[in-house]
Amino acid sequence: MVWPWRRKSRKRIARVVMEGPINGATRQRVLKALREVEEREFPALLLRIDSPGGTVGDSQEIHAALLRLRTKGCHVVASFGNISASGGVYIGVAAEKIVSNPGTITGSIGVILRGNDLSKLFERIGIRFDTVKSGLFKDILSPDRPLSDAERSLLQELIDSSYEQFVSAVAEGRDLSKDTVRSFADGRVFTGEQAVALGLVDELGDEDDARRLAARLADLDEDEVKPLTLGKSRRKLSGLLPGSSLLKQVQDRVSLELMGSGQILWLHRP
């Protein structure tokens, strides 16, 4: 909904930060912020990305929202932080320009799906599963048995389809051929400096360089204009406690592990 009393921001730059694994909560927060960018008619958006990637659908929805925002006349510049890999790259290529630190870890263009075969463990401790299913593949990736050849083939087709979607998005966003993208889209990671040579990034620089570029694209004074950060994550009371930073790292790691079981991911797993 567009609030009639909300002041327009045609002389300011919006800033949205996307940190940590990409999941449903990330999507909801970022999409809400992007709607505000559109409603307040910001001429430019600085998108700061510091993420190893995450779930496919959430990454695609943020990517699509950024493209829609650009059709409204908003210039989008992505700034890659410590890491912008896999799903982070997918979202980043929706930007008009990408600025990366020389040492940023990026790339990891590819798809991963992992299950756990615990059948030997279950057998050792005396646990047995009885499964009744409606179709041959209904319990695919069940942890109580290994994959069959037919199941592995089916999942590979699923992965290949998702991979082609990723390659197409990068090729279109970076104005590269699909064959060029495939030449480096094999899951490898590279630095921001290497990414420039590959055509994945436009230029090297920090977040302030990205801000200045966004200002120039929007015909604003790059020395004067300051970004307004939207969609900030709510600060929990636990964030005020000693060791909260370490706890956040542990939570992110657990989130990555939980996402990695039985779900197709655009995710860099170091």
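Being a predicted model, the structure only gives us computed values, none of them experimental.

Trainee: Please set out the side chain of D50 residue by residue, giving values where relevant.
Mentor: The topology assignment puts D50 in strand β2 (residues 44-51). Buried within the structure, D50 lacks any salt-bridge partner; R48 is the closest side chain of opposite charge, at an N-O distance of 5.2 Å.

Trainee: Could you give an account of the side chain of T104, with specific residues and numbers?
Mentor: As for its position among the elements, T104 is in the loop between β5 (97-100) and β6 (105-107). Beyond its immediate chain neighbours, meaning those up to four positions away, T104 contacts F80, G81, N82, I83, S84, F190, T191 and G192.

Trainee: Just give me the short version of the nonpolar core, but keep the residues and values in it.
Mentor: One broad rule of soluble globular proteins: the nonpolar side chains tend to lie buried together. In this structure, L45 and L66 are the most contacted members of the largest nonpolar core, which totals 47 residues. Mapped by element, the contributors of at least two residues to this core are β1 (13-19), α1 (24-39), β2, α2 (56-71), β4 (75-85), α3 (87-92), α5 (149-174) and α6 (178-184). Looking at this core element by element, the count peaks at seven residues for α5. For L45, the residues in contact, after removing those within four places along its chain, are A14, R15, V16, L34, V37, L66, L69, C74, H75, V76 and V77.

Trainee: Please provide a residue-by-residue account of the pairing of β1, values included.
Mentor: Of all seven residues in β1, six are buried; the element is thus mostly enclosed. Across seven bridges, the pairing between β1 and β2 is parallel. Bridging across to β2, E19 finds its partner in D50.

Trainee: Got a sec to walk through unusual backbone geometry? Specific residues and values, please.
Mentor: Of note, E41 is a non-glycine position whose phi angle comes to about 55°, a positive value. With respect to the helices, strands and loops of the structure, E41 is situated in the loop between α1 and β2. Positive phi values are uncommon outside glycine, yet S86 reaches one of about 50°. By the element assignment, S86 lies in the loop between β4 and α3.

Trainee: Please give an account of the packing of aromatic side chains that cites residues and values.
Mentor: Per the counting criterion, the structure on display carries five aromatic pairs. Relative to W266, the ring of Y90 lies with its centre 4.4 Å away and its plane at 35°, an arrangement referred to as tilted. A residue pair is termed long-range when its members are at least 10 positions apart, and Y90 in helix α3 and W266 in strand β10 (residues 265-267) qualify at 176 residues. The buried category is assigned to W266, whose relative accessible area is 0%.

Trainee: Give a detailed account of a nonpolar patch on the surface, specifying residues and quantitative values.
Mentor: Judged by side-chain polarity, L118, L121, I125, I127 and F129 come together as a nonpolar surface patch covering roughly 440 Å² of accessible area. Along the chain, I125 turns up in helix α4 (residues 119-125).

Trainee: Describe the pattern of salt bridges, with residues and values.
Mentor: Tallied over the full model, the rule gives 19 salt bridges. Put simply, R212 and D223 hold a salt bridge, and the shortest N to O gap is 2.8 Å. Taken together, the residues span a long stretch of sequence, with R212 in helix α8 (residues 207-217) and D223 in the loop between α8 and β9 (227-230) at a distance of eleven residues.

Trainee: Explain α5 residue by residue, including any values.
Mentor: With 26 residues, α5 extends 37 Å between its outermost C-alpha atoms, agreeing within 8% with the 38 Å of an ideal straight helix rising 1.5 Å per residue. Taken residue by residue, α5 has E151, L155, I159, S162, Y163, F166, V167, A169, V170, A171 and R174 as its buried positions. Along its buried surface, α5 packs onto α2, α3, β5, α6 and β10. Among the residues trailing α5, D175 stands out with phi positive, at a value near 55°.

Trainee: Can you explain the environment of V225? Please cite residues and give values.
Mentor: Relative to the elements of secondary structure, V225 occurs in the loop between α8 and β9. Taking relative accessible area as the criterion, V225 reaches 8% and is therefore assigned buried. Along the chain, V225 and I13 lie 212 residues apart, while their C-alpha atoms are 7.1 Å from each other. Sequence-distant contacts of V225, defined by excluding residues within four places in its chain, comprise K11, R12, I13, R211, A215 and L220.

Trainee: Pulling in residues and values, what's your account of the environment of L69?
Mentor: Position of L69 among the secondary structure elements: in helix α2. Separated by 34 residues in the primary sequence, L69 and R35 place their C-alpha atoms 8.5 Å from one another. If sequence neighbours within four positions are ignored, L69 has contacts with L34, V37, E38, L45, C74 and V76.

Trainee: Can you tell me about the environment of V111, naming the residues and giving the values?
Mentor: Secondary-structure assignment places V111 in the loop between β6 and α4. On the basis of relative accessibility, which here comes to 18%, the residue V111 falls in the buried class. Considering only alpha carbons, one finds V111 and S161, 50 residues apart in sequence, at a separation of 9.6 Å. Once residues lying within four places of it in the same chain are set aside, the contact partners of V111 are I159, S162, Y163, I264, L265 and W266.

Conventions used here
- Residues numbered from 1 in each chain as written.
- Predicted model: local features only at pLDDT ≥ 70, side-chain atom pairs only at ≥ 80, totals over all residues.
- Heavy atoms only, no water.
- Helix = DSSP H or I, 4+ residues; strand = E, 2+ residues; numbered from the N terminus.
- Buried < 20%, exposed > 50% of the residue type's maximum accessible area, 1.4 Å probe, protein only.
- Lys, Arg positive; Asp, Glu negative; His and termini not counted.
- Salt bridge = Lys/Arg side-chain N within 4 Å of Asp/Glu carboxyl O.
- Contact = heavy atoms within 4.5 Å.
- Core = buried A, V, L, I, M, F, W, Y, C linked by side-chain atoms within 4.5 Å.
- Pairing = 2+ DSSP bridges.
- Phe/Tyr/Trp six-rings, centres within 6.5 Å; stacked < 30°, edge-to-face > 60°.
- Patch = residues over 30% accessible without salt bridge, like charges linked within 9 Å, V, L, I, M, F, W, Y side chains within 5 Å.
- Areas by Shrake-Rupley, 256 points an atom, 1.4 Å probe, with all protein chains shown as cover.
- Expected span 1.5 Å × (residues − 1).

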